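Coordinate inspection notes
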Amino acid sequence: MASEDMKRSESAVTTIVNLAEEAKRGARDNVVPTSYGVLTICKSLVAGGVAGGLSRTAVAPLERMKILLQVQNPHNIKYSGTLQGLKYIWSTEGLRGLFKGNGTNCARIVPNSAVKFFSYEQASKGILYLYRQQTGNEDAELTPFLRLGAGASAGIIAMSATYPMDMVRGRLTVQTANSPYQYNGIRHALQTVFREEGARALYKGWLPSVIGVVPYVGLNFAVYESLKVWVLEANPFGLGDNSELSVPTRLGCGAFAGTIGQTVAYPLDVIRRRMQMVGWKDASSILTGDGKSKTALEYNGMIDAFRKTVRHEGIRALWKGLIPNSVKVVPSIAIAFVTYEWLKEILGVEIRISD
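If you're wondering where the values come from, they're calculated on a predicted model, not measured in any experiment. (Residues numbered from 1 in each chain as written. Predicted model: local features only at pLDDT ≥ 70, side-chain atom pairs only at ≥ 80, totals over all residues. Heavy atoms only, no water.)

Description of the confidence of the model for the protein
In this model, the protein carries an average pLDDT of 78, and 79% of its residues clear a pLDDT of 70 or more. This stretch, residues 1–28, has a pLDDT under 50; its non-local contacts, to residues over four places away or in other chains, come to 14 contacts. In the model, residues 30–35 has pLDDT below 50 throughout and makes seven contacts with residues more than four positions away in sequence or in other chains. (pLDDT = per-residue confidence, 0-100. Contact = heavy atoms within 4.5 Å.)

Below, the structure written as structure tokens:
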């Protein structure tokens, strides 16, 4: 069994390497694997951006609750659970408190989602073109492994392009009315971090974010697309009777894909968020490390952050905020996927995720 697994892994790696080489030759020969109009591209970007913004707004209170649980001082607990935390925010900050940071999140997630969806479709079409050229089979379809590669590539591109906005969004989300210093919006936060901590501070936590993109975004796309194909072919419970899946079926596929992706990548999300707090002189009331120092715990990198988090708070700390994240990820991912394809149909976009 181990030998067979190794052979399959080697074969998959060889396929990717060969496709990459083919892509290089194609680039040198000015070969364009896909053809599309500027209008179609714009429509696809709009559909992805709206889908991302709508899905995040729908679950904004749970998103803020997740981040607060991830970074709160373990020796000065304000939020003991999801429901208690939401009630506490409501009583101390009101309705606006539940949506704090959502404007910044939407400003980030709209271009992020637009680039992510568009990059995935173009990567999928390009990889499929090269895969068919490599195998000589014009009817070949993307394998789950190749879908994973396309999804992960799209996620890394989109995340890197908008990461500074995500970094300051995390800080805006955790500050409260009692915080020693207030950021007055995303522009002020970007300027303040750049002035006080330097340009590199805007990319704190970038490495675990990139690593986390592979299982999270990659598995989201790969599992969702594979589920759609399986439902149409196997037709379980009559769900694939038609050539197009119904909205509830798409919601189910998106929800399952989102749950798998977030479960695998969640510890990296906790570490990313904690690394973003490092260097913020007013974060000591939020995260104090061992509870004794008056300043936030410093991390020398991702591995050091993992080690210190587990040493001071135990292995369970890597899963803080998992419950609100699990609750929000199901409707969030499902709404994003369904809204994206629905908007593309309305806008008359020919590109489809499953093409």
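Right, picking up where we left off after that structure.
Examining the packing of helix 8 (residues 206–234) against helix 11 (residues 322–347)
Relative orientation and spacing of two packed helices are given, respectively, by the angle between their axes and the distance between those axes. Axis separation between helix 8 and helix 11 bottoms out at 13 Å; the angle between their running directions is 60 degrees. The pairing of helix 8 with helix 11 is recorded here as oblique in orientation. Handedness of the helix 8/helix 11 crossing: right-handed. Facing Tyr216, Asn220, Phe221, Tyr224 and Lys228 of helix 8, the residues of helix 11 in contact are Val329, Ile333, Phe337 and Glu341. (Axes fitted to C-alpha atoms, helices over the stretch in contact; angles between N-to-C directions. Helix = DSSP H or I, 4+ residues; strand = E, 2+ residues; numbered from the N terminus. Parallel < 35°, antiparallel > 145°, perpendicular 65-115°, else oblique. Left-handed = near helix turned anticlockwise from the far one by under 90°.)

Re the layout of surface pockets
Approximately 360 Å³ is the volume attributed to the second largest pocket. Lining the second largest pocket are 14 residues, and of these Leu69, Ser80, Lys320, Gly321 and Ile323 lie nearest its centre. The dominant element in the lining of the second largest pocket, judged by the number of residues it contributes, is helix 11, at three residues. (1 Å grid on protein atoms, 1.4 Å probe; cavity = no way out; pocket = protein on both sides within 12 Å on 5 of 7 lines; lining within 4 Å. Points joined across faces, edges and corners; volume = space filled by probe spheres on them.)

What to know about helix 11
In a regular helix each residue adds 1.5 Å, so 26 residues correspond to 38 Å; helix 11 covers 36 Å between its end C-alpha atoms and thus fits that length. At valine 329, helix 11 is bent by approximately 30 degrees, the largest bend along its length, and proline proline 331 sits one to four residues beyond. Following helix 11 by one or two positions, glycine 348 has its phi on the positive side, about 75 degrees. (Expected span 1.5 Å × (residues − 1). Bend = angle between axes of the 7 residues up to and from the residue.)

A word on the pattern of salt bridges
Across all of its chains, the model carries 18 salt bridges by this definition. One salt bridge in this structure joins arginine 169 and glutamate 63, with 2.9 Å as the shortest N-O distance. Separated by 106 residues along the polypeptide, arginine 169 in helix 6 (residues 144–174) and glutamate 63 in helix 3 (residues 60–71) bring together distant segments of the chain. The structure contains a network of salt bridges with shared partners spanning Glu63, Lys66, Arg108, Asp166, Arg169, Asp269, Arg272, Arg273 and Lys328. (Salt bridge = Lys/Arg side-chain N within 4 Å of Asp/Glu carboxyl O.)

Focus: a nonpolar patch on the surface
On the surface, a cluster of nonpolar side chains totalling about 350 Å² of accessible area is made up of Tyr203, Trp206, Leu207 and Ile211. As for its position among the elements, isoleucine 211 is in helix 8. Its relative accessible area of 36% is what places isoleucine 211 among the partly exposed residues. (Patch = residues over 30% accessible without salt bridge, like charges linked within 9 Å, V, L, I, M, F, W, Y side chains within 5 Å. Areas by Shrake-Rupley, 256 points an atom, 1.4 Å probe, with all protein chains shown as cover. Buried < 20%, exposed > 50% of the residue type's maximum accessible area, 1.4 Å probe, protein only.)

Let's talk about the nonpolar core
In terms of nonpolar packing, the biggest core is built from 43 residues, with Met65, Val174 and Val193 touching the most fellow members. In terms of residue count, the dominant contributor to this core is helix 6 (eight residues). The contact partners of valine 193, leaving out residues within four places of it in the chain, are Met167, Val168, Arg171, Tyr183, Gly198, Ala201 and Leu202. In this structure, Ile271, Tyr299, Ala305 and Leu318 belong to the second largest nonpolar core, which totals eight residues. (Core = buried A, V, L, I, M, F, W, Y, C linked by side-chain atoms within 4.5 Å.)

Quick look at empty space enclosed by the protein
Picture a little ball the size of a water molecule; that probe, rolled over the atoms, points out where space is still empty. For the structure on display, the rule yields three cavities of 30 Å³ or more. In this structure, the largest cavity spans a volume of roughly 480 Å³. Considering the residues around the largest cavity, the lining is formed by 28 residues, among which Arg56, Tyr216, Val217, Asp269 and Arg272 are closest to the centre. At the level of secondary structure, the elements contributing two or more residues to the lining of the largest cavity comprise helix 3, helix 5 (102–135), helix 6, helix 8, helix 9 (247–277) and helix 11. Looking at the lining of the largest cavity element by element, the count peaks at seven residues for helix 9. Here the residues of the lining of the largest cavity are counted per class, giving 10 nonpolar, seven polar and 11 charged. Computed from the structure, the second largest cavity encloses a volume of approximately 180 Å³. Ser113, Lys116, Phe117, Ile333 and Ala336 are, among the 15 residues lining the second largest cavity, the residues nearest its centre. Partitioning the lining of the second largest cavity into residue classes produces eight nonpolar, five polar and two charged. (Nonpolar A, V, L, I, M, F, W, Y, C, P; charged D, E, K, R; others polar.)

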